[in-house]
Amino acid sequence: MRIDGGCHCGAITFEADMDPDGVYVCNCTDCQVLSGSPYRIVIVVEADKVTLSGEPKIYMKTAESGRPRQQTFCGECGAPIYSRGVGADAGMMALRWGLVTQRHDIKPVRKAWCRSEAPWLDELVRLPGNETA
């Protein structure tokens, strides 16, 4: 599936070819802290199938797995763009679901780092809600 998107301010945009089986919910503590949310939805794509316009800022982080990871974000609006390994792990990128124009057509097919999952997530569907704030 062909997708496109960009950061909140538009300084960074991308196009990519993705496999719908590469979409998952990450519950790791890094994703929780870096997103300010109980989880992050990522779209794993081959790095050579991504065209990126703009220059993201890179923050290097050693993941809980012990592997170094690039966490990229827009230097203007702060929107997270993708994460990526280094060296032998650099072939795949984890794009951020919220930046994708077609995000409502893309749903996760699995979860990862479930030991860090917030215990109340399954209760979200029962919360009262409004269509606007």
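See the structure shown above.
None of these values were measured; they are calculated from a predicted model. (Residues numbered from 1 in each chain as written. Predicted model: local features only at pLDDT ≥ 70, side-chain atom pairs only at ≥ 80, totals over all residues. Heavy atoms only, no water.)

Asker: Run through the overall build of the protein chain, naming residues and quoting values.
Answerer: Counting its secondary structure elements, the protein chain contains one helix and ten strands. The helix and strand sequence of the protein chain, counted from the amino end, reads β-β-β-α-β-β-β-β-β-β-β. Here the C-alpha radius of gyration of the protein chain, 15 Å, is about what a compact globule of 133 residues would show, namely 14 Å. Along the first, second and third principal axes, the C-alpha set of the protein chain runs to 40 × 35 × 30 Å. When the 133 residues of the protein chain are sorted by exposure, 37% land in the buried category. (Helix = DSSP H or I, 4+ residues; strand = E, 2+ residues; numbered from the N terminus. Rg over C-alpha atoms; globule rule 2.2 N^0.38 Å. Buried < 20%, exposed > 50% of the residue type's maximum accessible area, 1.4 Å probe, protein only.)

Asker: Lay out unusual backbone geometry in plain terms, naming residues and giving numbers.
Answerer: Unlike most non-glycine residues, Trp113 shows phi in positive territory, near 50 degrees. Relative to the elements of secondary structure, Trp113 occurs in the segment after β10 (110-112). On the basis of relative accessible area, Trp113 is assigned to the partly exposed category, the value being 31%.

Asker: So what's going on with the pattern of salt bridges? Residues and values would help.
Answerer: Counting across every chain of the model gives five salt bridges. One salt bridge in this structure joins Arg2 and Glu15, with 2.9 Å as the shortest N-O distance. In this pair, Arg2 sits in strand β1 (residues 2-6) while Glu15 sits in strand β2 (residues 13-17), placing the two residues 13 residues apart along the sequence. On the accessibility criterion, Arg2 (43% relative accessible area) is partly exposed. Residue classification places Glu15 among the partly exposed positions, given a relative accessible area of 40%. A salt bridge links Asp89 to Arg67; its shortest N-O distance comes to 3.9 Å. Of the two residues, Asp89 is situated in the loop between β8 (80-85) and β9 (92-96) and Arg67 in the loop between β6 (57-62) and β7 (68-73); the sequence distance between them amounts to 22 residues. For Asp89, a relative accessible area of 34% translates into the label partly exposed. On the basis of relative accessible area, Arg67 is assigned to the partly exposed category, the value being 45%. Beyond isolated ion pairs, a larger network of salt bridges with shared partners links Arg2, Glu15 and Asp17. (Salt bridge = Lys/Arg side-chain N within 4 Å of Asp/Glu carboxyl O.)

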